[in-house]
Amino acid sequence: MNLISEPPIPVKIQKMKQRVRWMHPSIMQRGIDQTSMVLDDGKEDSPEFSFMVIGDTGTKSRYGQHPQRQVAEQMLAHGDGCRFVLHTGDVIYVVGSQEYYPQNFIEPYREFIVGGDNHNSIPYDRMVFNLPFLPVLGNHDYYDVPLMYRLLTGPTSSLRRLLRYKDIEIGWHGSNQGDAYARAFLDYMGAIASNQELEHHLDQHYTAKSDTGRCLRYQPGKFTRVPNRYYTFRYGGIDFFALDSNTFNTPSPLPTTQAGESNRRQLQQHRQEIEQEELQILAICDRLNPDIPSEAEQLDELSAKLDQINEVKIDIEKQLSPQKTPDIDFEQLDWLRNRLIESWHTSEVRGRVIFFHHPPYVTEATKWHQAQTLAVRHRLRSLFEAVAQTLGSQTKERPIVDLILNGHAHCLEHIRTVDTGYADSHINCIISGGSGHRPRRQRQEGPELMETFTNIAGSPTRKVADSLLYVGRNGYASQRRLPYSCVRIDVQQGTPPKFIVRPLIAERFGEQWDKRQLAPFVI
């Protein structure tokens, strides 16, 4: 059974373009770049600043425990010292549905939102942030519910139980192909009725200037919208690039060779096995009562397993897709390539950070073997190669970007690539995807990441990265620990910049919470 569905990549792209009125004549006439913005807080020229990174949040209180709120309280202690928050995606679980924004986002982060002392009255599509929240889309922010489930699971918990899914946040709507996220965070000009109103809106809010023309002015406490599903801004001499990795994460189709057919049969068999496991889990869930604390804990564990099974099924479906060539968002990738080259040609820029949902490197147990992980890595590697070839010696052996920030994996992890043989060598990656939704374990293979290169003869498998820090689920039964996390990053002056990373942890052990900071490290 398929609990969730995902729109095709061309649909994602087209829907998002409609929502921001992509290249509308009134926008083009004003020379507006819809992928740039200025974060206008009066401090954007300071070379030393701090920001926080969170990801994979969007969950409700579970059996009297609210992990996301525990992380938010950690953030509050650092709010005055930070200029903004980057969100690495999966804002709302399970399917990005609009009715869960008040409970799963506005309430836990209420102190960061204007009027948050009366948070129950804030519409999800009218949020204004005191401390800028700058997000990217996660896969769950695009997910939808098949019509049958939408009709039956939304109204009542009894019908949810009839379908054997207990206590899962499905809702009536799903994300409506990413519409809920767009209304919450994007400058949703598709809702503006007339051209006159649109022109007034543009003249009021697109008053900033970037290297590429007029752009949106993000003003904390006044107007806090991002211009597009992917965008860039410059702060303290650092260029930040926000990407939508949901539109370039499709695996390459399986080859029609004998080896490809063998792989296809293995995937089909694995799908059957996990579907049987899913039915067994659901049968156990039928016998559990969420009103009994011990059974509620077990039900939560099983729900986490169901999450993983659904992720694996979607990844398998992507690999088994019959299309001859994968859908790839070349428009966005070309944009990133050109903007990175422009950034390197701009003397006032001293560093570059990119953030998006799907990590190219990860050791979380459910993500390393996903075909989407490899797809994102190869697309990014190819893009970095193109940038490096254009720049030549201009990089002076520095990496193309100084830092990559991701979510998707429910953990906090620091990974550094080694000499991969390509332009993605010696890059620091921080995965901050443990901010609210069920931390997961590290894979058993350990911290060294090996990759097989089909174009290399002899010994095609070699190390490409090292995991230097992993904070995730650990221990079993009464010794189980659930660390939820985010990071604060302090940017130092100088070229190249140094980044001091401060992990912030709220760990649940039994019924107790322990809030702590791990030792900071410099990258």
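Residues numbered from 1 in each chain as written. Predicted model: local features only at pLDDT ≥ 70, side-chain atom pairs only at ≥ 80, totals over all residues. Heavy atoms only, no water.

A.B. asks: I'd like to hear about the pairing of strand β9 (residues 351-355), residue by residue, with values.
C.D. replies: Among the five residues that make up β9, five are buried, leaving the element largely enclosed by the rest of the structure. Alternating residues of β9 divide into G351, V353 and F355 and R352 and I354, and every residue in both groups is buried. Pairing geometry for β9 and strand β10 (residues 403-406), over three bridges, is parallel. If you follow F355 over to β10, its bridge partner there is L405. (Buried < 20%, exposed > 50% of the residue type's maximum accessible area, 1.4 Å probe, protein only. Helix = DSSP H or I, 4+ residues; strand = E, 2+ residues; numbered from the N terminus. Pairing = 2+ DSSP bridges.)

A.B. asks: So, the pairing of strand β3 (residues 84-87): which residues are in play, and what are the values?
C.D. replies: Alternating positions in β3 separate into two faces, F84 and L86 on one and V85 and H87 on the other, with burial throughout. Inspection of the sheet shows strand β2 (residues 49-54) paired to β3 by four bridges, in the parallel sense. Residue pairing across strands places F51 opposite F84, the latter belonging to β3. Following the chain from β3 across helix α4 (residues 101-106) to the adjacent parallel strand β4 (residues 133-135), one finds a crossover that is right-handed. (Right-handed = clockwise from strand over helix to strand, strands pointing away.)

A.B. asks: Summarise the domain arrangement of the protein; cite the residues concerned and give the values.
C.D. replies: Taken domain by domain, the protein holds domain 1 (9-251 + 326-522) and domain 2 (258-320). Computed over C-alpha atoms only, the centres of domain 1 and domain 2 are separated by 26 Å. At the junction of the two partners, domain 1 supplies 22 residues and domain 2 supplies 25 residues. Contact between domain 1 and domain 2 buries roughly 2300 Å² in total, counting both sides, with carbon and sulfur atoms accounting for 43%. Counting the contacts that link domain 1 with domain 2 gives three salt bridges. A salt bridge links D307 to R438; its shortest N-O distance comes to 2.7 Å. In this assembly, domain 1 and domain 2 are joined by six residue pairs in polar contact (both at pLDDT 80 or more). Here the residues of the side of domain 1 that touches domain 2 are counted per class, giving five nonpolar, six polar and eleven charged. (Domains from an automatic or database assignment. Contact = heavy atoms within 4.5 Å. Buried area = accessible area lost by both parts, 1.4 Å probe. Salt bridge = Lys/Arg side-chain N within 4 Å of Asp/Glu carboxyl O. Polar contact = N/O pair within 3.5 Å; in protein donor to acceptor, adjacent residues only side chain to side chain. Nonpolar A, V, L, I, M, F, W, Y, C, P; charged D, E, K, R; others polar.)

A.B. asks: Describe the pattern of salt bridges, and please don't skip the residues or the numbers.
C.D. replies: Counted according to the given criterion, the structure contains 40 salt bridges. In this structure, R229 engages D329 in a salt bridge whose closest nitrogen and oxygen atoms are separated by 2.7 Å. Residue R229 is found in the loop between β6 (213-218) and β7 (231-235), and its partner D329 is found in the loop between α10 (293-320) and α11 (330-344); the two are separated by 100 residues along the sequence. One connected set of salt bridges, linked through shared partners, spans R69, E73, R110, E111 and K515.

A.B. asks: Residue-level account of the packing of α11 against helix α12 (residues 371-391), with values.
C.D. replies: Viewed as axis vectors pointing N to C, α11 and α12 meet at an angle of 35°, and their least axial separation amounts to 10 Å. Once α11 is placed against α12, the crossing between them reads as right-handed. Counted together, L333, L336, R337, L340, I341 and W344 of α11 and R379, L380, L383, F384, A386, V387, T390 and L391 of α12 form the full contact between these two elements. Considering only residue class, the contact of α11 with α12 consists of eleven nonpolar, one polar and two charged. (Axes fitted to C-alpha atoms, helices over the stretch in contact; angles between N-to-C directions. Left-handed = near helix turned anticlockwise from the far one by under 90°.)

A.B. asks: Which residues make up the nonpolar core, and what are the values?
C.D. replies: One finds F105 and F240 to be the most contacted residues of the largest nonpolar core, which totals 78 residues. Of all the elements, strand β15 (residues 481-491) adds the most residues to this core, at six residues. What F240 contacts, discounting residues up to four positions off in sequence, is F49, F51, F84, L86, Y231, T232, F233, Y235, V353 and F355. (Core = buried A, V, L, I, M, F, W, Y, C linked by side-chain atoms within 4.5 Å.)

A.B. asks: Tell me about the packing of aromatic side chains, and name the residues and values.
C.D. replies: Two descriptors summarise a pair of aromatic rings, namely the distance from one centre to the other and the angle between the planes of the rings. Counting across every chain of the model gives 28 aromatic pairs. On the basis of an interplanar angle of 15° and a centroid distance of 5.2 Å, the ring pair of F51 and F84 is categorised as stacked. Taken together, the residues span a long stretch of sequence, with F51 in strand β2 and F84 in strand β3 at a distance of 33 residues. Accessibility classification places F51 together with F84 in one group, the buried group. The interplanar angle of 35° and the centroid separation of 5.3 Å between the aromatic rings of Y101 and Y124 together place this pair among those described as tilted. With Y101 in helix α4 and Y124 in the loop between α4 and β4, this residue pair connects regions lying 23 residues apart in the sequence. With a relative accessible area of 0%, Y101 lands in the buried category. Exposure remark for Y124: the relative accessible area of 12% places this residue in the buried category. (Phe/Tyr/Trp six-rings, centres within 6.5 Å; stacked < 30°, edge-to-face > 60°.)

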